[in-house]
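Residues per chain, in single letters:
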Amino acid sequence: MRAGAVRKAGRGLSAYLLVLVTAVGLLVLAGPPAGSAEAASVCAGRPTRTIGFATGELRLYRTRQYACAVAVAKRPGPLRPMSLSVQPRGGRAAVDSGRFGRQAGPVTVHALNRCVRVSATIDGRGTTTGWILC
């Protein structure tokens, strides 16, 4: 092979690598596709309970030090009244209430070695737990 042919092949390879690195970088910056089936959890920790009720479900998560909850509507849509409350035993309740289309929360409380009581309502229907996650 002549010296000129080697230089041209080297330029082609470096151009190919530049295009490849640019494409990978754009994919990393863009993130997952918009239609991905599972969204990331909004609460830290592992899921511990899911409690269904007429108009939605209450999802509870737990780490060693914290308890977190989210109330999710069965049928997301127009804004409607929602409320979520998480209370650690011996502490004050943390509340998220208002008019939401999909979910109320996340609400996180410090619950190291403590039980929590959680209540959620969506459109006037809801659920309340006793002292759980002890």
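Scroll up a little and you will see the structure.
In what follows, the accompanying structure is described. Here the residue index of a chain counts from 1 through its sequence in written order. With pLDDT at 70 or above as the cut-off, local features in this predicted model cover only qualifying residues; side-chain atom pairs require 80 or more to be listed or tallied, and sums for whole chains, interfaces and linings still use all residues. With hydrogens and water set aside, each side-chain value is computed from the structure's full complement of heavy atoms.

Concerning unusual backbone geometry
Across the junction of Gly 105 and Pro 106, the peptide omega takes the value 10 degrees, indicating a cis bond. Secondary structure counts use DSSP, requiring at least four H or I residues in a row for a helix and at least two E residues in a row for a strand, with both numbered from the N terminus. Assignment of secondary structure puts Pro 106 in strand 6 (residues 103-110). Phi at Leu 133 is positive, roughly 60 degrees, even though this residue is not glycine. Relative to the helices and strands, Leu 133 is located in the segment after strand 8 (125-128).

Examining the nonpolar core
Leu 58, Ala 69, Leu 84, Val 86, Val 116 and Val 118 are the most contacted members of the largest nonpolar core, which totals 20 residues. When contributions to this core are tallied by element, the ones reaching two or more residues are strand 2 (56-62), strand 3 (66-73), strand 4 (80-88), strand 6 and strand 7 (116-122). With residues up to four places along the chain from it excluded, the contact list for Ala 69 reads Cys 43, Leu 58, Arg 59, Leu 60, Leu 84, Val 86, Gly 105, Pro 106, Val 107 and Val 118. Take the buried residues of types Ala, Val, Leu, Ile, Met, Phe, Trp, Tyr and Cys, join any two whose side-chain atoms come within 4.5 Å, and each joined set is a nonpolar core. When a residue's accessible area, from a 1.4 Å probe over protein chains only, is under 20% of the maximum for its type it is buried; when over 50% it is exposed; and in between it is partly exposed. Formed by five residues, the second largest nonpolar core is a distinct cluster that contains Cys 43, Tyr 61, Cys 68 and Val 72. A contact between two residues is defined here by any heavy atoms of the two lying within 4.5 Å.

Thoughts on the sheet that holds strand 4
By this definition, two strands are paired if DSSP reports at least two bridges between them. If you trace the four strands from one edge of the open sheet to the other, you get 5-4-7-8, paired in antiparallel fashion. Edge positions in the sheet fall to strand 5 (94-100) and strand 8, since each has one partner strand and no second. Each adjacent strand pair in this sheet contributes to an overall mean axis angle of 5 degrees, direction not counted. Note that strand 4 and strand 7 share seven bridges and pair antiparallel. Paired with Met 82 across the two strands is Ile 122, which belongs to strand 7. Every axis corresponds to a line fitted to the C-alpha atoms, with the helix fit spanning only the stretch in contact, and the corresponding angles, defined between N-to-C directions, vary from 0 to 180 degrees.

Examining the environment of Gln 87
You can see Gln 87 is positioned in strand 4. Owing to a relative accessible area of 22%, Gln 87 belongs among the partly exposed residues under this scheme. For the pair Gln 87 and Trp 131, spaced 44 residues apart in sequence, the C-alpha to C-alpha distance is 9.2 Å. Between N or O atoms, a polar contact is any pair within 3.5 Å; within protein, one atom must be a potential hydrogen donor and the other a potential acceptor, and residues adjacent in sequence are included only when both atoms are from side chains. A polar contact of 3.1 Å, which involves the side chain of Gln 87, links it to the backbone oxygen of Gly 91.

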